[in-house]
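Results of the structural survey
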Amino acid sequence: MEIKNITLFFIGIIILILGVLVIIFDYPQIQFFENMDLESNYLMNEEKRIIHEKLITEFFIGIGISGVGILLILSSFLDRFENGFRQ
């Protein structure tokens, strides 16, 4: 396989790394909140629940960003993007 658009390839790598870093740093925090006892879950105040929901949202955004990075890397191998997006 030959890379047809090097710029698109490097942008894809940068976006993929960004998404993977978001996933790596959010996953342990999500596991911390999910592994709490049921009793402490009921006692968890509203602020901690909001933080947990934001972490889950951030995690799925990181998955989406990683997917976009993978798509950019794969599209850099296509012939039609060899000279940019112009035809």
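What comes next is a walk through the structure. (Residues numbered from 1 in each chain as written. Predicted model: local features only at pLDDT ≥ 70, side-chain atom pairs only at ≥ 80, totals over all residues. Heavy atoms only, no water.)

**Details of helix α1 (residues 6–34)**
The end-to-end C-alpha distance of α1 is 42 Å, a good match for the 42 Å that 29 residues give at a rise of 1.5 Å each. Of all the bends in α1, the greatest, near 30°, is centred on D26, and the proline P28 appears no more than four residues after it. Sitting at the amino-terminal end of α1 is N5, which places a side-chain oxygen 3.3 Å from the backbone nitrogen of T7. (Helix = DSSP H or I, 4+ residues; strand = E, 2+ residues; numbered from the N terminus. Expected span 1.5 Å × (residues − 1). Bend = angle between axes of the 7 residues up to and from the residue. Polar contact = N/O pair within 3.5 Å; in protein donor to acceptor, adjacent residues only side chain to side chain.)

**Focus: the environment of L16**
By the element assignment, L16 lies in helix α1. C-alpha of L16 to C-alpha of I70: the two residues are 54 residues apart in sequence and 6.4 Å apart in space. Not counting chain neighbours up to four residues away, the residues in contact with L16 comprise S66, G69, I70 and I73. (Contact = heavy atoms within 4.5 Å.)

**Notes on the environment of D26**
Among the secondary structure elements, D26 is positioned in helix α1. Look at D26 and you get buried, because its relative accessible area is 5%. Sequence separation of D26 and T57 is 31 residues, and the distance between their C-alpha atoms is 9.9 Å. Apart from residues lying up to four places away in sequence, D26 is in contact with L55, E58 and F59. (Buried < 20%, exposed > 50% of the residue type's maximum accessible area, 1.4 Å probe, protein only.)

**Considerations on the packing of aromatic side chains**
Within the structure shown, the criterion is met by five aromatic pairs. Summarising the aromatic geometry, the rings of F9 and F77 are spaced 6.1 Å apart at their centres and angled 75° between planes, so their arrangement reads as edge-to-face. Taken as a pair, F9 in helix α1 and F77 in the segment after α3 (46–75) lie far apart in primary sequence, 68 residues in all. For F9, a relative accessible area of 17% corresponds to the buried category. Since its relative accessible area comes to 21%, F77 is described here as partly exposed. (Phe/Tyr/Trp six-rings, centres within 6.5 Å; stacked < 30°, edge-to-face > 60°.)

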